[in-house]
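Examination of the molecular architecture
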Amino acid sequence: MSEHESNEQKHERGNSRVITRLLASVMLMFAFGFALVPLYEKFCEITGFNGRTTNTASQTNEGMNVDETRVVTVEFHTRVSRGIPWEFHPEVRSIRVHPGEVKTVNFIIENRTDKAVIAQALPSVSPGEASLYLNKTECFCFEQQPLAAGERAVMPMQFYLDPDLPDRIHRFTLSYMMYDLTEQGQATANLSE
Amino acid sequence: MSTTVSDTHSAHDAHDDHHDHKPTGIKRWLFTTNHKDIGSMYLWFSFLMFLVGGSMALMIRAELFQPGMQIIDPHFFNQMTTMHGVIMVFGAVMPAFVGLANWMIPMMIGAPDMALPRMNNWSFWILPFAFLIMLSSFFMPGGAPAFGWTFYAPLSTTYSTDSTALFVFSMHIMGMSSIMGAINVIVTIMNMRAPGMNYMKMPLFVWTWFITAFLLIAVMPVLAGVVTMVLTDKYFGTSFFDAAGGGDPVLFQHLFWFFGHPEVYIMILPSFGIVSAIIPAFARKPLFGYASMVYATASIAGLSFLVWAHHMFTTGMPTFASLFFMYMTMLIAVPTGVKVFNWVSTMWRGAMTFETPMLFSLAFVILFTIGGFSGIMLAITPVDYQYHDTYFVVAHFHYVLVTGAVFSIMAAAYYWLPKWSGVMYDDFLSKLHFWCSLISVNILFFPMHFVGLAGMPRRIPDYAIQFADINQIVSIGGFLFGFSQLIFLAVALKCAFKKGKPAPAKPWEGAEGLEWTVPSPAPYHTFDVPPKV
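Computed from a predicted model, the values in this text were never measured in an experiment.

**Digging into the overall build of chain B**
Across its full length, chain B carries 17 helices and 0 strands. Compactness check: chain B gives a C-alpha radius of gyration of 23 Å against a globular reference of 24 Å for 533 residues, within 12% of the reference. Reported as C-alpha extents along the three principal axes, the dimensions of chain B are approximately 70 × 50 × 45 Å. Of all 533 residues assigned to chain B, the portion counted as buried reaches 61%.

Now the structure itself:
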């Protein structure tokens, strides 16, 4: 009988070792789920996976060669977040640029409400890979746009394409989604970081 | 995988009988720590949920019987598709497998019970509460969740009603239940095997559940994390999935499918184990390629972590990523093919008989393979753009989950019912159940391939007029299949009330394994003294 009991004690010890490891794995995987959020962000930043462009001004293209042998079509696409009565569109729907060449495109926003608002545009590039080669030297999306009631504003965006842009990309879309940040106000002023 | 048991065993059974006392009435079930009681509760609960989720499917099919809106409004239709999915995945299929694991794993490895019996009681008894919370959301303003069982953000965050909170909490509870169940299975298998029962002698059902349990440990916490993020995005101002706050809705899909793809293998690996037990029994030949079955199961489990983005080809991915996920997905066909060929080779030149468990297993092999083939079609990135979110996808995953997982559970139930209840099931009713199910399930799901390829989108309560004929056929199949399951209820009730021929300890001539060495019905306590293997 004593042998039986020592077996049982051995079992108990073995059990608690396995249980501890399994519970640790559960905790680890729960944390891993959350760790995936910054990992995904970093991954996208490096690979352009989700088409997010960097929201900080690039250096100018000084000393960069303009590759006149290639022409790339850049299409602009604008949307306003659901249910917000603003007008938001680019002056031109698409332009053709040589890699390395600096271009400016104006975007027009009009607040059709009778309230002052704060707007913020978020860019997205499709295919995402192109976002790695899109350099904006100036963009309204870098900061929040306060708009008075009924105000209409012209917002410039200046960019050039890195001549390292892969040859297979002849055309890409730069999309802006305009969000209403009036409520969040300045609290999220640094979200673009 | 030959298991020989010494004859001293029957002596232990006599010894078992006289300490077979247990509390009676409701207390027996509330406080039980017996793996057989808990297994039975899991199985009955999952069957109840199967009927609840099935009624929702019938509501969907009734609405889709004709084009136009007839019976239910679109928002309620969305609630039906959502709850049907959630209940069938988390309420029917998963608990049924846990129930089978509870009943069979200790008996198959010669253990007296599960390793952690009190936790076992908990992991079952929190489940009914999870589903009460989930189902009570129907009575909230705005109704139950209506964002699909995949609860994609922003549908579940920006555009959902407050039932999301109940959804999240009940998901948390289900997750806890699954994790506790998985821990129990792993500890039992690692520490409670009878002397001589080494890993490569374990029945395949035990092996597949062992691997499934590790999958559960790995991905259920990720699901818990995702639902938590949905909750905080909706109520606490975080922006995990909200682009306006710096988040990314596509991230939701990555996180969800990182859980979701292993989850679909969680719902099929135990089936592989069941079929690998039944086919050798009725082909009267040992399983062909036992070791390759084990390695194939493990590689399927490993690959399941590398294929999640094949659910998201249309979200726009770099070519390299699309190719990677496409090839990885197709690679899964290799170990799965190994399994199918092994089952076929097991039957080759076997002395086959066609009892009901075998019929369900054969249907499983053929129909699951059809589901596998449509899976390979869906894996092809360029054509996935055509198939994505159409009825072709619905046909695919119902072939692998209904004629796959559910058929294998039916096969398991018929195979082990004599052991559980001590009586043989009603043979006529069981055959009737099989043939009705087999015919109706194909009327139900096969034509969905065609409307899917023709472009009928899923999760829409109305459809273009040219899909009307096929949808009527599908709906008729759906009602036939639904009501055929009541035959199974009749069979199970007859067994539960001991109406039938008494079953011998080993009712199947070719069956192998320790569970057949104990009398039928299995005594309340088995293997108090470990058997010699």
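There is more to say after this.
**Topic: the domain arrangement of chain A**
Structurally, chain A comprises domain 1 (1-47) and domain 2 (72-185). When each unit is reduced to the centre of its C-alpha atoms, the spacing between domain 1 of chain A and domain 2 of chain A is 46 Å.

**Some thoughts on the UniProt feature "domain: Cytochrome oxidase subunit I profile" (unreviewed entry) in chain B**
In the numbering used here, UniProt assigns the "domain: Cytochrome oxidase subunit I profile" (unreviewed entry) feature to residues 29-533 of chain B. The distance separating the terminal C-alpha atoms of residues 29-533 of chain B is 32 Å; by composition the span is 68% helix and 0% strand.

**Looking at the pattern of salt bridges**
All names here are of chain A. Summed over all chains, the structure comprises 12 salt bridges over all chains. Residue Arg70 pairs with Asp167 through a salt bridge whose shortest N-O separation is 3.4 Å. Of this pair, Arg70 sits in the loop between α1 (2-47) and β1 (72-80) while Asp167 sits in the loop between β8 (152-161) and β9 (171-180); the two residues are 97 residues apart in sequence, bridging distant segments of the chain. The exposure class of Arg70 is buried, given its relative accessible area of 14%. Using a relative accessible area of 56% as the deciding quantity, one classes Asp167 as exposed. One salt bridge in this structure joins Glu101 and Lys103, with 3.8 Å as the shortest N-O distance. Its relative accessible area of 26% is what places Lys103 among the partly exposed residues.

**A word on the confidence of the model for chain A**
Here chain A shows a mean pLDDT of 84. Residues at 70 or above account for 88%. The model gives residues 187-193 of chain A a pLDDT under 50, and that stretch makes 12 contacts with residues more than four places away or in other chains.

**As for the sheet that holds β1 of chain A**
Residue and element names in this part refer to chain A. If you walk across this open sheet you meet the 5 strands as β3-β1-β9-β5-β7, and the pairing is mixed. The sheet is open, and its two edges are formed by β3 (94-97) and β7 (145-147), each paired on a single side. When the angles between neighbouring strand axes are averaged without regard to direction, this sheet yields 30 degrees.

**Comments concerning the interface of chain B and chain A**
Contacts between the two partners involve 34 residues from chain B and, on the opposite side, 26 residues from chain A. Overall, the association of chain B and chain A removes approximately 2600 Å² of surface from exposure, summing both partners, and the carbon and sulfur fraction of that is 75%. Contact with chain A buries surface across chain B, with Asn191, Ala244 and Leu251 of chain B losing the most and accounting together for 19% of the total. Across the chain B-chain A interface, the total number found is 0 salt bridges. At the junction of chain B with chain A, the criterion picks out 3 residue pairs in polar contact (both at pLDDT 80 or more).

**Some thoughts on the UniProt feature "transmembrane region" (unreviewed entry) in chain A**
UniProt tags residues 21-40 of chain A as "transmembrane region" (unreviewed entry). Span residues 21-40 of chain A is 100% helix and 0% strand, its end C-alpha atoms 27 Å apart.

**Remarks on the confidence of the model for chain B**
Mean pLDDT for chain B: 94, with 96% of residues reaching 70 or above. Per-residue pLDDT stays below 50 along residues 1-18 of chain B; that stretch engages in 32 contacts with residues further than four places along the chain or on separate chains.

**Side note on the side chain of His396 of chain B**
Relative to the assigned elements, His396 of chain B resides in helix α15 (residues 391-421). Not counting chain neighbours up to four residues away, the residues in contact with His396 of chain B comprise Gly371, Ser374, Gly375, Leu378 and His449 of chain B.

**Some words on the pairing of strand β5 (residues 117-126) of chain A**
Residues and elements named next belong to chain A. Extensive coverage of β5 is indicated by the burial of 8 of its 10 residues. Here β5 runs beside β7; their pairing, made up of 3 bridges, is antiparallel. Looking across to β7, one finds that Ala119 is bridged to Gln145. Where β5 lies against β9, 8 bridges are found, and the strand directions are antiparallel. Bridging across to β9, Pro123 finds its partner in Tyr176.

**Examining the state of the cysteines**
All names here are of chain A. Under the defined criterion, the tally for this structure stands at 1 disulfide over all chains. There is a disulfide in this structure between Cys139 and Cys141, and the S-S distance comes to 2.4 Å. Of note, the bridge from Cys139 to Cys141 carries an S-S torsion of about 125 degrees and is right-handed in sense. Judged on exposure class, the residue Cys139 and its partner Cys141 are both buried. Counting only cysteine sulfurs, Cys141 is the nearest neighbor of Cys44, a cysteine outside any disulfide, at a range of 17 Å.

**Examining the environment of Val491 of chain B**
Residue and element names in this part refer to chain B. For Val491, the position within the fold is in helix α17 (residues 468-496). Look at Val491 and you get buried, because its relative accessible area is 0%. Setting aside residues up to four positions removed in sequence, Val491 forms contacts with Tyr414, Leu417, Tyr425, Asp426, Leu429 and Ser430.

**What about α15 of chain B?**
All names here are of chain B. When the local axis directions of α15 are compared, the greatest deviation, roughly 40 degrees, occurs at Tyr415, which is followed within four positions by the proline Pro418. Taking burial as the measure, the 31 residues of α15 include 30 buried ones, the bulk of the element. The distance from a side-chain oxygen at the start of α15 to the backbone nitrogen of Phe392 is 3.1 Å, and the residue carrying that oxygen is Thr390. Phi turns positive, to about 85 degrees, at Gly422, one or two residues after α15.

**Considering the pairing of strand β2 (residues 86-90) of chain A**
Residues and elements named next belong to chain A. Side chains Trp86, Phe88 and Pro90 project from β2 onto a buried face, and the interleaved Glu87 and His89 project onto a face without burial. Pairing analysis gives 5 bridges linking β2 to strand β4 (residues 103-111), with the strands arranged antiparallel. Among the inter-strand pairings, Glu87 is bridged to a residue of β4, identified as Glu110.

**Focus on the packing of aromatic side chains**
Residues and elements named next belong to chain B. Scanning all chains against the criterion turns up 64 aromatic pairs over all chains. For the pair Phe256 and Phe259, a centre-to-centre distance of 5.7 Å together with 70 degrees between the ring planes defines the contact as edge-to-face. Of this pair, Phe256 and Phe259 both sit in helix α8 (residues 249-266), separated by 3 residues, roughly a single helical turn. Like Phe256, the residue Phe259 is buried in the burial classification. Positioned above the aromatic ring of Trp29, the side-chain terminus of Arg28 is 4.3 Å from the ring centre. When the ring centre of Tyr199 is taken as reference, the NZ or CZ atom of Arg193 above it lies at 3.9 Å.

**Side note on a positive patch on the surface**
Residues Lys10, Arg13, Arg17 and Arg21 of chain A make up a contiguous surface patch of positive charge. Along the chain, Arg21 of chain A turns up in helix α1.

**Points about the sheet that holds strand β6 (residues 134-139) of chain A**
Residues and elements named next belong to chain A. Spatially, the 4 strands line up as an open sheet ordered β2-β4-β8-β6, and their pairing is antiparallel. Two strands bound the open sheet, and with one partner strand each, they are β2 and β6. Recorded for the sheet is a direction-independent mean angle of 25 degrees between the axes of neighbouring strands. The pairing of β6 with β8 spans 5 bridges and is classified as antiparallel.

So, how was this worked out
Residues numbered from 1 in each chain as written. Chains lettered and ligands numbered in written order. Predicted model: local features only at pLDDT ≥ 70, side-chain atom pairs only at ≥ 80, totals over all residues. Heavy atoms only, no water. Helix = DSSP H or I, 4+ residues; strand = E, 2+ residues; numbered from the N terminus. Rg over C-alpha atoms; globule rule 2.2 N^0.38 Å. Buried < 20%, exposed > 50% of the residue type's maximum accessible area, 1.4 Å probe, protein only. Domains from an automatic or database assignment. UniProt positions renumbered as here; feature names shortened; annotations may be inferred. Salt bridge = Lys/Arg side-chain N within 4 Å of Asp/Glu carboxyl O. pLDDT = per-residue confidence, 0-100. Contact = heavy atoms within 4.5 Å. Pairing = 2+ DSSP bridges. Axes fitted to C-alpha atoms, helices over the stretch in contact; angles between N-to-C directions. Buried area = accessible area lost by both parts, 1.4 Å probe. Polar contact = N/O pair within 3.5 Å; in protein donor to acceptor, adjacent residues only side chain to side chain. Disulfide = S-S within 2.5 Å. Bend = angle between axes of the 7 residues up to and from the residue. Phe/Tyr/Trp six-rings, centres within 6.5 Å; stacked < 30°, edge-to-face > 60°. Lys NZ or Arg CZ within 6 Å of the ring centre and 35° of its normal. Patch = residues over 30% accessible without salt bridge, like charges linked within 9 Å, V, L, I, M, F, W, Y side chains within 5 Å. Areas by Shrake-Rupley, 256 points an atom, 1.4 Å probe, with all protein chains shown as cover. Lys, Arg positive; Asp, Glu negative; His and termini not counted. Charge placed at Lys NZ, Arg CZ, Asp CG, Glu CD.

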